[in-house]
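Results of the structural survey
The residues making up each chain are set out below.
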Amino acid sequence: MATYQEAAFLAHVVNAAFDQDHPPGVAAPWAGIYRCMGCHKEIGIAHGHVLPPQTDHQHTPQQGPIRWWLIVYADHNPK
């Protein structure tokens, strides 16, 4: 589970970007922390970099398919 120390650096938002499944081996549509919803592994990744492919991230049948979800968006263009 992603953790943080300073709540002032995070903001709660409701956005459809957080509700999308992303398969392994595709470019990350946003920079941030992604969580695999089957095994709960978390990764930090830059926008456009490739999410771990199927050959790099294996699951048991009980864990189901690999599905990456954005859980923390990293805003690289702050206002």
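A closer look at the environment of A2
The topology assignment puts A2 in the segment before β1 (32–36). As for A2 and A74, which are separated by 72 residues in sequence, their C-alpha atoms are 13 Å apart. Those residues within four positions of A2 in sequence are excluded, and the remaining contacts are I33, E42, I71 and V72.

Side note on the pairing of β1
Within β1, four of the five residues are buried, which leaves it mostly tucked inside the rest of the structure. Across four bridges, the pairing between β1 and strand β2 (residues 42–45) is antiparallel. Across the sheet, Y34 pairs through a bridge with I43, a residue of β2. Between β1 and β2, which follow one another and run antiparallel, lie five residues, and H40 among them has a positive phi close to 75°. The pairing of β1 with strand β3 (residues 68–73) spans five bridges and is classified as antiparallel. Considered in β3, the bridge of C36 is made with W68.

What counts, and where the lines are drawn
- Residues numbered from 1 in each chain as written.
- Predicted model: local features only at pLDDT ≥ 70, side-chain atom pairs only at ≥ 80, totals over all residues.
- Heavy atoms only, no water.
- Helix = DSSP H or I, 4+ residues; strand = E, 2+ residues; numbered from the N terminus.
- Contact = heavy atoms within 4.5 Å.
- Buried < 20%, exposed > 50% of the residue type's maximum accessible area, 1.4 Å probe, protein only.
- Pairing = 2+ DSSP bridges.

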